[in-house]
Each structure stands twice: as C-alpha cells, then as structure tokens.
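Here are the chains, one letter per residue:
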Amino acid sequence: MFRRAPTVASGGCIATLGRPRLLVPVTTQSALAALTPAPDRLAAACDHLGLLGCFVYSPASARVVARMFAPSIGVPEDIANTNSSAHLLARHGATRLAVDMGDTLGHPSSVSANACHSSPSPLVDVSSVARIGRALWLPMPRFTLLDSHRRLVPRGS
C-alpha cells in the first residue's frame, strides 16, 4: 500500500459512520510526513476490503497531524477530512480534538472535532478551516424545504 512501510503504532482499526475507513497510527510526525503511498496498491487493498481509504495520523493527543488517502474514489490525498477526524475523536473517547492536515500538499488545514457525551448517544460536532486559493462558482438552483416530506426541491417545481 505504501512504497516504504511506515512505523505503525498499536491501536489501528476500521471505523465507520457510513463508509468504513482504516485508521492507522504512526509513531512520529516525521514518519507521517515521509509516507509515499502507492496509489494503485492502496486502491486495490481498499477496494478488496470495502474501505473508503486510509487515515494515517500521528500519536493521538489534543492535537494530531494526519493524512487521508482515498485513491479508490479519486482522491490521492485529501487536504482536510472531517469524517475521519470524527472517527478518531470517537475512537479515543476524547471530548476535543484538533487535526492538522494538508501540509504535505502545500494546503494546510485544520479540523476541529468536539464530542458531547451527555446525551443518550454521543454527538460529534466537526468543523474545518482551509485556505482557498481559487474558487469556482457554479450556478445552482434555489431550493425550498418541503415540510411534509422534509426534503429539498428546486423552487418553481
């Protein structure tokens, strides 16, 4: 999956809130930065196991550094991945987690995940910040919420 095997720490797992992904801890941030995935091999392994991709992160604490690889869905490396950050927060049972991503791509981002454990089932709130270098605005129809079906439909339909 990787051209050179990373120094993996214990505690890796498959996590899912939808499509499963592999969470892989590595021992140091330098080991994380040195990763060079083999996209074809990683895609084949993920497809074989039914995984979205591989979320590799430095030791878990209140702030971690991570990289998300999902070549099966056309994402060689993600700049910011909120879903995987939420998985990591839930996996470690923490209430707050900040995840720095995108540095190796030259697009630094930060994902913040917060958990509320006071409800019958835990709730996770996730947000992210990334610098946008160029934006492309596409014309989108205006939508209206139909109360009877709780769905969005284009106005004028």
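What counts and what doesn't
- Sequence order as written defines residue numbering, which begins from 1 separately in each chain.
- For this predicted model, a pLDDT threshold of at least 70 governs which residues receive local features, and a threshold of 80 or more governs which side-chain atom pairs are given and counted, while totals over whole chains, interfaces and linings are taken from all residues.
- Think of the side-chain values as coming from all heavy atoms in the structure, minus any hydrogens and water.
- By the criteria applied, helices consist of DSSP H or I runs no shorter than four residues and strands consist of E runs no shorter than two, each listed in order from the N terminus.
- Any residue under 20% of the maximum accessible area for its type is buried, any over 50% is exposed, and the rest in between are partly exposed; the area is computed with a 1.4 Å probe on protein chains only.
- Any two residues whose heavy atoms approach within 4.5 Å are treated as being in contact.
- For the accessible areas, the method is Shrake-Rupley and the probe is 1.4 Å, while residue cover comes only from the protein chains on display.
- Confidence of the predictor at the level of single residues is given by pLDDT, which spans 0 to 100.
- Nitrogen and oxygen atoms within 3.5 Å of one another constitute a polar contact, given that in protein one can donate a hydrogen and the other can accept it, and given that sequence-neighbouring residues count only through two side-chain atoms.
- Following DSSP output, two strands are said to pair if at least two bridges run between them.

## Quick word on the overall build of the chain
So, point 1. Tallying secondary structure elements over the chain gives 3 helices and 10 strands in all.
So, point 2. Element order for the chain, N to C, with α for helix and β for strand: β-β-α-α-β-β-β-α-β-β-β-β-β.
So, point 3. Out of the 157 residues in the chain, the part that is buried amounts to 32%.
So, point 4. A fraction of 51% describes how many contacts in the chain between residues 6 or more apart in sequence connect residues 24 or more apart.
So, point 5. By element, 57% of the accessible surface of the chain is carried by carbon and sulfur atoms, the whole surface being about 9800 Å².

## Remarks on the confidence of the model for the chain
So, point 1. Averaged over all residues, the pLDDT of the chain is 77; the fraction at 70 or higher stands at 68%.
So, point 2. Taken element by element, the predicted model of the chain shows its lowest mean pLDDT in strand β9 (residues 143–146) (46) and its highest in strand β3 (residues 54–57) (94).

## Quick notes on helix α3 (residues 82–92)
So, point 1. For α3, the full list of buried residues reads S84, S85, A86, H87, L88 and L89.
So, point 2. Two or three places before S84, at the opening of α3, N81 has a side-chain oxygen 2.8 Å from that residue's backbone nitrogen.

## A word on the pairing of strand β2 (residues 21–25)
So, point 1. The buried fraction of β2 amounts to 4 of the 5 residues, a majority that puts the element mostly inside the structure.
So, point 2. Where strand β1 (residues 13–15) meets β2, 3 bridges bridge the pair, whose relative direction is antiparallel. Counterpart to C13 in the pairing with β2 is L23.
So, point 3. Counted between consecutive antiparallel strands, the loop separating β1 from β2 contains 5 residues.

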